[in-house]
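Residue-level structural notes
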Amino acid sequence: MLTLKVLRENPEHVIAKLAVKNFDARAIVEKVIALDDNRKKLQTESDNLLAQQKQQAALIGSLMKQGKKEEAEEAKKVVAELKAKSNELLAQAEENQKELDAQIVLLPNMPCDLVPEGKGAEDNQVVKMGGPEVELPEGSVPHWELCKKYDIIDFDLGVKITGAGFPVYKGKGAKLQRALINFFLDQNTAAGYKEVEPPVMVNAASGFGTGQLPDKEGQMYHAEVDDFYMVPTAEVPVTNIFRDVILGANEIPQRLTAYTPCFRREAGSYGKDVRGLNRLHQFDKVEIVRVEKPEDSYKALDDMVAHVEAIVNKLGLKYRILRLCGGDMSFTSAITYDFELWSAA
């Protein structure tokens, strides 16, 4: 995510910015730069050996023409020695590059200047609140009791079939879930997003492509035999559509939307605030993804936030928009806005 060019040009800036995420990057940054220095050293030595091999090859040709076979044979031995040294350097360079790659992916993305400092959710900034005020009638009950009363979501049946955090939607509950998915997709496509239906399992390269690996490996369901991961969000397969792809200027922006079921092993702590639908291992999500030129990216993010806000307003829900502090942001994020919908329980 962070390039060698960025690290080498201003390592202290990188270290200071990552400190906003409460990440001490100094040891890794210094190690990456040292590995890059070693890479350059090995490259210089390899280039010198290659030049010597070319000189010896030319010498061998000249000696053979002069009939100096014994001297030519000695020169061939020198070439063989040079090739052996070159192969040794090549092996060292490959190991050095592997270590460099393994270290640089441990560095999070740098937060932008708008990101507030802080350690957790209590330090997030509320940037906007909206939606109608909600007054619960007397005798109101939490949603998990309503789900049981009207038989629309069965949490106990999900435990029987799979385990906690895997609810079964039934009757009108299933219809509501399907209707909301279709509503969100229709709103997104009407706004110019192209709908795609990606796989719900991805390979490790895709996990690294969006930064879930290595940072969130423990939170992802892993099918170890095939080395596939269940997607934690549709963002992972959709963003990886463009992995290792160079887009022309006329192909930007790209606007995509997708629905996928999502899977996360870590479903939060236990207690009244995580009962029912508040924390799940499997849940449905409709995602929007945009690929923009760097200079247009923050304007695009503002447009995306406004688009989501308009959808929430159409549903008539009370909400607030948070700008996450450095300590509450994801590994890959430069800035994050979270929508929180009001719920009594």
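So, here's what we can say about the structure. (Residues numbered from 1 in each chain as written. Predicted model: local features only at pLDDT ≥ 70, side-chain atom pairs only at ≥ 80, totals over all residues. Heavy atoms only, no water.)

A count of helices and strands for the chain gives 10 helices and 11 strands. A compact globule built from 345 residues should have a C-alpha radius of gyration of about 20 Å, whereas the chain, at 28 Å, is more than 25% larger. When its C-alpha atoms are laid out on the principal axes, the chain stretches across 105 × 45 × 40 Å. Evaluated residue by residue, the chain yields a buried proportion of 36% over its 345 residues. Once local pairs closer than 6 in sequence are excluded, the contacts in the chain between residues at least 24 apart make up 73%. Counting only carbon and sulfur atoms, one obtains 53% of the accessible surface of the chain, whose full area is about 20,900 Å². Taken together, the 44 basic and 53 acidic charged side chains of the chain have centroids lying 3 Å from each other. (Helix = DSSP H or I, 4+ residues; strand = E, 2+ residues; numbered from the N terminus. Rg over C-alpha atoms; globule rule 2.2 N^0.38 Å. Buried < 20%, exposed > 50% of the residue type's maximum accessible area, 1.4 Å probe, protein only. Contact = heavy atoms within 4.5 Å. Areas by Shrake-Rupley, 256 points an atom, 1.4 Å probe, with all protein chains shown as cover. Lys, Arg positive; Asp, Glu negative; His and termini not counted. Charge placed at Lys NZ, Arg CZ, Asp CG, Glu CD.)

To continue, consider the sheet that holds strand E8 (residues 254-263). Adjacent strands of a sheet pair through backbone hydrogen bonds, lying either parallel or antiparallel. Taken together, 3 strands build an open sheet; the order of strands is E4-E8-E9 and the sheet is mixed. This sheet does not close on itself; its edge strands, each paired only once, are strand E4 (194-196) and strand E9 (282-291). If you compare each strand with its neighbour and ignore which way they point, the axes differ by 25° on average. Alignment of E8 against E9, held across 10 bridges, turns out to be antiparallel. Looking across to E9, one finds that Arg 255 is bridged to Arg 290. The strands touched by helix H7 (residues 172-190) are E4, E8 and E9; relative to E9, the strand with the most contacts, the crossing angle is about 5°. (Pairing = 2+ DSSP bridges. Axes fitted to C-alpha atoms, helices over the stretch in contact; angles between N-to-C directions.)

Attention now moves to a nonpolar patch on the surface. Taken together, Val 134, Leu 136 and Trp 342 make up a surface patch of nonpolar side chains, about 280 Å² in accessible area. Position of Val 134 relative to the elements: it lies in the loop between strand E1 (125-130) and helix H5 (143-150). With relative accessibility at 36%, the residue Val 134 sits in the partly exposed group. (Patch = residues over 30% accessible without salt bridge, like charges linked within 9 Å, V, L, I, M, F, W, Y side chains within 5 Å. Salt bridge = Lys/Arg side-chain N within 4 Å of Asp/Glu carboxyl O.)

Judged by pairing direction, the sheet is antiparallel, and its 3 strands sit side by side in the order E5-E7-E6 without closing on themselves. Both edges of this open sheet fall to strand E5 (201-203) and strand E6 (222-223), since each of them pairs with a single strand only. Sheet analysis places E5 next to strand E7 (residues 228-230), joined by 3 bridges and oriented antiparallel. Pairing of Asn 203 across the sheet is with Phe 228, part of E7.

So, on to the pairing of E8. A large share of E8 lies buried, amounting to 7 of its 10 residues. Summarising the sheet, E4 and E8 pair through 3 bridges and their orientation is parallel. Among the inter-strand pairings, Lys 194 is bridged to a residue of E8, identified as Leu 256.

Here the bond from Leu 213 into Pro 214 is cis, since omega is 5°, no more than 30 degrees from zero. Turning to its location among the elements, Pro 214 is positioned in the loop between helix H8 (204-209) and E6. Here the bond from Ile 252 into Pro 253 is cis, since omega is 10°, no more than 30 degrees from zero. By the element assignment, Pro 253 lies in the loop between helix H9 (235-239) and E8. Notably, Asn 22 is not glycine yet its phi reads approximately 60°, a positive angle.

Further remarks concern the packing of helix H3 (residues 26-65) against helix H4 (residues 69-104). Helix-helix packing is described using two parameters, namely the angle between the two axes and the distance between the axes. One way to put it is that H3 packs onto H4 with a least axis distance of 8 Å and a crossing angle of 160°. Considered as vectors, H3 and H4 are oriented roughly antiparallel to each other. Read as a crossing pair, H3 and H4 show a hand that is left-handed. For the contact of H3 with H4, the per-class residue count stands at 18 nonpolar, 10 polar and 9 charged. (Parallel < 35°, antiparallel > 145°, perpendicular 65-115°, else oblique. Left-handed = near helix turned anticlockwise from the far one by under 90°. Nonpolar A, V, L, I, M, F, W, Y, C, P; charged D, E, K, R; others polar.)

With respect to the helices and strands, Lys 119 occurs in the loop between H4 and E1. Taking the C-alpha atoms as reference points, Lys 119 and Glu 12, 107 residues apart in sequence, are found 21 Å from one another. Not counting chain neighbours up to four residues away, the residues in contact with Lys 119 comprise Asn 22, Cys 325, Gly 327 and Asp 328.

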